[in-house]
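Notes for the structure review
Letter by letter, the chains look like this.
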Amino acid sequence: MKPTRAAKSIAKGKVEFRVRPYATVFLSGKELGDTPMDPVELPPGNYTVKLVNKSMTKTLSIRVVNGETTVIRHNFTTPE
């Protein structure tokens, strides 16, 4: 009997969004939805995150690392 090979798992990291009071999240141009949301699993790499709240926008560059969780924190109620 031939041994079966386990499926190779794809390396991924997670991104968690903690935004006050809320934001619509765009990841590299694709809309993910409104916060609060569950963490998003992504392949490792560099991404652009845009947080949109009413007429305010915050754009960030992030790096996702295999096996790690990147936490994005932003408070739209406090001036930068």
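Structural data are supplied above this passage.
The structure reproduced in this document is the subject of the present report. (Residues numbered from 1 in each chain as written. Predicted model: local features only at pLDDT ≥ 70, side-chain atom pairs only at ≥ 80, totals over all residues. Heavy atoms only, no water.)

**A look at the packing of aromatic side chains**
Taken as a whole, this structure holds 0 aromatic pairs when the rule is applied. Over the ring of Phe26 we find Lys50, and its NZ or CZ is 5.3 Å from the ring centre. (Phe/Tyr/Trp six-rings, centres within 6.5 Å; stacked < 30°, edge-to-face > 60°. Lys NZ or Arg CZ within 6 Å of the ring centre and 35° of its normal.)

**A short note on the sheet that holds strand S5 (residues 45–53)**
Judged by pairing direction, the sheet is antiparallel, and its 4 strands sit side by side in the order S3-S2-S5-S6 without closing on themselves. With partners counted over all chains shown, the strands left at the sheet margins are strand S3 (30–34) and strand S6 (56–64), one partner each. Shown here is a sheet whose adjacent strand axes are inclined to one another by a mean of 25 degrees, direction ignored. Pairing of strand S2 (residues 24–27) with S5 involves 4 bridges; the strand directions are antiparallel. Within the sheet, the bridge partner assigned to Val25 lies in S5 and is Leu51. (Pairing = 2+ DSSP bridges. Helix = DSSP H or I, 4+ residues; strand = E, 2+ residues; numbered from the N terminus. Axes fitted to C-alpha atoms, helices over the stretch in contact; angles between N-to-C directions.)

**Topic: the pairing of S5**
Regular strands have side chains that alternate between both faces of the sheet. Of the two faces of S5, only one is covered, namely that formed by Gly45, Tyr47, Val49, Leu51 and Asn53; the face formed by Asn46, Thr48, Lys50 and Val52 stays uncovered. As defined by bridge partners, S5 adjoins S6 across 9 bridges and the pair is classed as antiparallel. Considered in S6, the bridge of Asn53 is made with Met56. Connecting S5 to the next strand, S6, in antiparallel fashion are 2 residues, including Lys54 with a positive phi near 50 degrees. (Buried < 20%, exposed > 50% of the residue type's maximum accessible area, 1.4 Å probe, protein only.)

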